[in-house]
Amino acid sequence: MSPDPQAIRQRLRLSLLDWYDKAARDLPWRVAPADRQRGHAPDPYHVWLSEIMLQQTTVVTVKPYFETFLRKFPRLEDLASAPLDQVLGLWAGLGYYARARNLHAGAKALASRSTFPRDVAGLLEIPGIGPYTAAAVAAIAFDQPVVPVDGNVERVLSRLWKIDQALPAAKPVFRTQAAKLADPHRPGDFAQALMDLGAGVCTPRKPNCLICPLQDLCQAYQADEAESYPKKQSKKAKPRRFGWAYVIVTPDGLVVRRRPDRGLLGGMLEIPGSAWHDDPTQATFAPPHWLGLEHRWVYGENIRHVFTHFDLQVCVAATRILHRIELPDHQVLALSETGAAALPRVMRKIIDSGLEALKAHQGG
DNA sequence: TATCCGTGGAC
DNA sequence: TGTCCAAGGAT
């Protein structure tokens, strides 16, 4: 007699929700399962904001940013009416800066509506919300019976059903399997339970199968192959690129400029510098011509930084100039204001390197 | 479908 | 040092 798939899925839901009731993580954007069952609903704004921040980003990293955003923008309308540059400044360091621009556009779109969209179709119309986030918000904020499919859910499913097709090509398979699992009674908790399981038990490396509530259902565990799932397609090697950056300190502060609002570090501030070349011999010391030639440069520690699809190595030169300057396409940022500025991490590294070099050479 | 898009932590 | 990859979306 073959096992009934419906019955297996029902056992899975009960086991996972029972585990979640005891083991749910306490997260600032989450309503605890006990409170949820007493009728406490999460704030859709909080759920949406957290989900945007959590795209490809760990909980530990997101927490302080989430707290800061809620403090600065307690309501959706506060975020919608904020200047974009403030949003970029508060987002600085979190990465994937298109998310910050989409968050701001999304806030405007949401605030212009009479109600927060409650279903996947409505949510998909909001900038920055794709299939995963639409399902996550629909399930968590509104208890719609859908299952968001993220890396955690893919990993859990691949092991449960021992799915051999490789990601990302097999994503449709996972979405089909996930949809079958939707819990009709507690969709929001079920979605969060899957993610907690993936984050804390069914981890990429050394999964803790011995405490897993789904152990008796897991086909990969039974084959002693949990760690070899999910199957993934091999990735291309990352190239390394090279460039120069020029940290220029004037009496009023640092010379910076705004990057184009699309593409790498879109809309963020940067330190003037060369293009980033694949060929290191093309990255030569060539400070901005508008500075003139008589400047004395000091050299900071080279910076290395890892982007998604290339590694970057930047040589840092720094100089202090005694006169004020006005330049088209540049602005001067007071040193006291770099903290709140829209400076991505790589630029902060460059600034630190340059300022350190200037300090080391002072009076020397 | 494939590529582009940050950052930090674990191993 | 290298490698993986984390609650993905836009194009």
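Residues numbered from 1 in each chain as written. Chains lettered and ligands numbered in written order. Predicted model: local features only at pLDDT ≥ 70, side-chain atom pairs only at ≥ 80, totals over all residues. Heavy atoms only, no water.

Under an unreviewed UniProt entry, the name given to chain A is Adenine DNA glycosylase, and the source organism is Candidatus Phycosocius bacilliformis. In its Sequence similarities (unreviewed entry) section, the UniProt entry covering chain A states "Belongs to the Nth/MutY family." Its UniProt record, at the heading Catalytic activity (unreviewed entry), says of chain A: "Hydrolyzes free adenine bases from 7,8-dihydro-8-oxoguanine:adenine mismatched double-stranded DNA, leaving an apurinic site." (UniProt positions renumbered as here; feature names shortened; annotations may be inferred.)

*Asks:* Help me understand the protein's contact with DNA strand B, please; the structure alone is not making it clear to me.
*Replies:* Near DNA strand B lie 20 residues; those nearest to it are Leu 265, His 305, Thr 308, His 309 and Arg 345. Atoms of DNA strand B within 4 Å of the protein: sugar and phosphate make up 59%, bases the balance. Interatomic distance of 3.0 Å between a side-chain N/O atom of Thr 57 and a base nitrogen of DNA strand B. One nitrogen or oxygen atom from the side chain of Tyr 96 is found 2.9 Å from a base oxygen belonging to DNA strand B. Those elements giving two or more residues to the surface near DNA strand B turn out to be strand E5 (303-306) and helix H14 (345-361). Grouping the amino acids of the surface near DNA strand B by side-chain chemistry returns nine nonpolar, eight polar and three charged. (Near = heavy atom within 4 Å. Polar contact = N/O pair within 3.5 Å; in protein donor to acceptor, adjacent residues only side chain to side chain. Helix = DSSP H or I, 4+ residues; strand = E, 2+ residues; numbered from the N terminus. Nonpolar A, V, L, I, M, F, W, Y, C, P; charged D, E, K, R; others polar.)

*Asks:* I tried to follow the protein's contact with DNA strand C on my own but got confused; where do I start?
*Replies:* Among the 29 residues in the neighbourhood of DNA strand C, the closest are listed as Glu 51, Gly 128, Thr 133, Asp 150 and Asn 152. Considering DNA strand C, the proportion of its atoms within 4 Å of the protein that are sugar or phosphate atoms stands at 64%. Secondary-structure elements contributing two or more residues to the surface near DNA strand C are helix H3 (44-54), helix H9 (131-142), helix H10 (151-160) and helix H12 (187-200). For the surface near DNA strand C, the per-class residue count stands at twelve nonpolar, nine polar and eight charged.

*Asks:* Which parts of the structure should I look at to understand the environment of Ile 52?
*Replies:* Tracing the sequence through the fold places Ile 52 in helix H3. Judged by its relative accessible area of 2%, Ile 52 is buried. A C-alpha to C-alpha distance of 22 Å links Ile 52 and Phe 174, two positions 122 residues apart in sequence. With near-sequence residues (within four places) excluded, Ile 52 lies in contact with Trp 91, Arg 99, Leu 103, Gly 128, Ile 129 and Thr 133. (Buried < 20%, exposed > 50% of the residue type's maximum accessible area, 1.4 Å probe, protein only. Contact = heavy atoms within 4.5 Å.)

*Asks:* Explain the packing of aromatic side chains to me, please; I cannot follow it from the model alone.
*Replies:* Two aromatic rings are characterised by how far apart their centres lie and by the angle between their planes. Per the counting criterion, the structure on display carries 15 aromatic pairs. Taking 5.6 Å as the distance between ring centres and 70 degrees as the angle between the ring planes, the aromatic pair formed by Tyr 246 and Trp 297 counts as edge-to-face. Of the two residues, Tyr 246 is situated in strand E1 (residues 240-250) and Trp 297 in the loop between strand E3 (269-270) and strand E4 (298-299); the sequence distance between them amounts to 51 residues. This pair shows no difference in class: Tyr 246 is buried, exactly as Trp 297 is. Counting every residue linked through ring pairs, the aromatic cluster contains Trp 244, Tyr 246, Phe 285, Trp 297 and Tyr 299. (Phe/Tyr/Trp six-rings, centres within 6.5 Å; stacked < 30°, edge-to-face > 60°.)

*Asks:* Can you walk me through the packing of helix H6 (residues 84-91) against helix H7 (residues 98-111) in this structure?
*Replies:* For any two helices packed against each other, one specifies the crossing angle of their axes together with the interaxial distance. H7 packs onto H6 with a crossing angle of 135 degrees between their chain directions and a minimal axis gap of 9 Å. It follows that H6 is oblique to H7 by the angle criterion. Seen from above, H6 lies across H7 with right-handed handedness. Contacts between H6 and H7 pair Leu 84, Val 87, Leu 88 and Trp 91 from the former with Arg 99, Ala 100, Arg 101, Leu 103 and His 104 from the latter. When its residues are assigned to classes, the contact of H6 with H7 shows six nonpolar, one polar and two charged. (Axes fitted to C-alpha atoms, helices over the stretch in contact; angles between N-to-C directions. Parallel < 35°, antiparallel > 145°, perpendicular 65-115°, else oblique. Left-handed = near helix turned anticlockwise from the far one by under 90°.)

*Asks:* Quick question: what am I supposed to make of the environment of Leu 194 here?
*Replies:* Its location among the elements puts Leu 194 in helix H12. A relative accessible area of 1% means that Leu 194 is categorised as buried. With 36 residues separating them along the chain, Leu 194 and Ser 158 place their C-alpha atoms 13 Å apart. Those residues in contact with Leu 194, other than ones at most four positions away along the chain, are Leu 16, Val 147, Asn 152, Val 153 and Val 156.

*Asks:* I tried to follow H12 on my own but got confused; where do I start?
*Replies:* Given 3.6 residues per turn, any residue in an α-helix points the same way as the ones three and four places further on. Between the first and last C-alpha of H12 there are 20 Å, a value that for 14 residues agrees with the 20 Å anticipated at 1.5 Å per step. Here H12 lies mainly inside the structure; twelve of its 14 residues are buried. Taken together, the buried positions of H12 are occupied by Pro 187, Gly 188, Asp 189, Phe 190, Ala 191, Gln 192, Ala 193, Leu 194, Met 195, Asp 196, Leu 197 and Gly 198. Buried residues along H12 sit against helix H1 (5-23), helix H2 (33-37), H9, H10 and helix H11 (171-181). (Expected span 1.5 Å × (residues − 1).)

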